[in-house]
Amino acid sequence: MKNFSFKENSLNQINEQKFGLEKDIQLLTESNMNKVFGLEFVKSEYSLNSFRIDSLCFDLRTKSFVIVEYKNTKNFSVIDQGYSYLSLLLNNKAEFVLLYNELMDKSIKKDDVDWSQSKVIFISPTYTVYQKESINFKDLPIELWEIKKFENDTVMYFPIKANQQTESINTISALDPTILTVSKEVKTYTESDHLDNKPTNIIEIYENLKLETLDFGEVVVKPNKQYIAFFGNKKNIIDVVIMTSKIKVFINLKYSQIDDYKKMVRDVTNIGTWGNGDCEFVLDNLEDIDYLMSLVKQSYKVNG
């Protein structure tokens, strides 16, 4: 990757700078956890049962804990460390809930947390080929992110994408009791979980909706248990609930914010829904996609 600044058609290269310490990456990320990952930062350096978690976070959208670990070295095992942290979390649920309530002044119960969507995020300036290959499973509750710093005070975070996601982590779980135990409780959801057994016309509508939304720019598809989220730089842009005869699209705006001249958006401000935002659009045909995208674009401008 080469970065340049330009002035009057002249390019000046912006060089990458090394992070001095792993702690520098941690402090920068913890201070901006919501901006970068949309997560609620809970505690730094949490020690429990001989383990030390770099950053404990909570995802308010999925109601699940997220552990963030920072590395400034290539000498670590993604799978072994990731599943060890998840095992620690699942075997000490009461302690994590108590800590969260004390630090965040909340009163959630253990059953309020969706433990099945727990995950671990690793952040490092670089990864080996073997570490990148190790995440090539469709249901791995582990993410790898690279962080880069440049001399013009610019920082970039970007995810390492798996090359193929057809094999399940369960194929190797029999070889590792920790993986086997965690896999029984933690599930990484995919688009297939929402699309399987749905009619062909509904799948076609979804694929068109997905293509149009991704075309806006920096949008990431994040399936979870209840819906498929389309995440921008700040927050979810839309949340998609796929049903047998229709698709419910929750646009992440207040109802008073949206410009809906056709009056096709339902106000769900005071109604319990799975998605984010107060605007529900029911999509059951391809003819309405263009108008829907004009509404989604409004959310993209705010959340993307």
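The model shown is predicted, which means the values in this text are computed figures rather than measured ones. (Residues numbered from 1 in each chain as written. Predicted model: local features only at pLDDT ≥ 70, side-chain atom pairs only at ≥ 80, totals over all residues. Heavy atoms only, no water.)

> Outline the overall build of the protein, supporting the account with residue identities and numerical values.
The helix and strand tally for the protein stands at 10 helices and 15 strands. With the C-alpha coordinates of the protein rotated into their principal frame, the extents come out at 60 × 55 × 40 Å. When burial is assessed residue by residue, the protein has 45% of its 304 residues classed as buried. Taking the contacts inside the protein whose residues are at least 6 apart along the sequence as the reference set, 61% of them involve residues at least 24 apart. Within the structure as shown, the protein displays about 16,100 Å² of accessible surface, and the carbon and sulfur contribution to it stands at 47%. Each charge class in the protein was averaged separately, 37 positive and 44 negative side chains, and the resulting centres sit 2 Å apart. (Helix = DSSP H or I, 4+ residues; strand = E, 2+ residues; numbered from the N terminus. Buried < 20%, exposed > 50% of the residue type's maximum accessible area, 1.4 Å probe, protein only. Contact = heavy atoms within 4.5 Å. Areas by Shrake-Rupley, 256 points an atom, 1.4 Å probe, with all protein chains shown as cover. Lys, Arg positive; Asp, Glu negative; His and termini not counted. Charge placed at Lys NZ, Arg CZ, Asp CG, Glu CD.)

> Describe in detail the nonpolar core, supporting the description with residues and values.
With 36 residues, the main nonpolar core has Ile 53, Leu 56, Phe 65, Tyr 83, Phe 96, Phe 122 and Leu 140 as its most contacted residues. For this core, the secondary structure elements donating two or more residues are strand 4 (40-48), strand 5 (51-59), strand 6 (64-70), helix 3 (78-90), helix 4 (93-104), strand 7 (119-124), strand 8 (142-150) and helix 7 (177-183). Considering each element in turn, this core owes the most residues, 8 residues, to helix 3. Residues in contact with Phe 122, not counting those within four places in the same chain, are Glu 69, Lys 71, Phe 76, Val 78, Gln 81, Gly 82, Tyr 127, Ile 142, Glu 143, Leu 144 and Trp 145. (Core = buried A, V, L, I, M, F, W, Y, C linked by side-chain atoms within 4.5 Å.)

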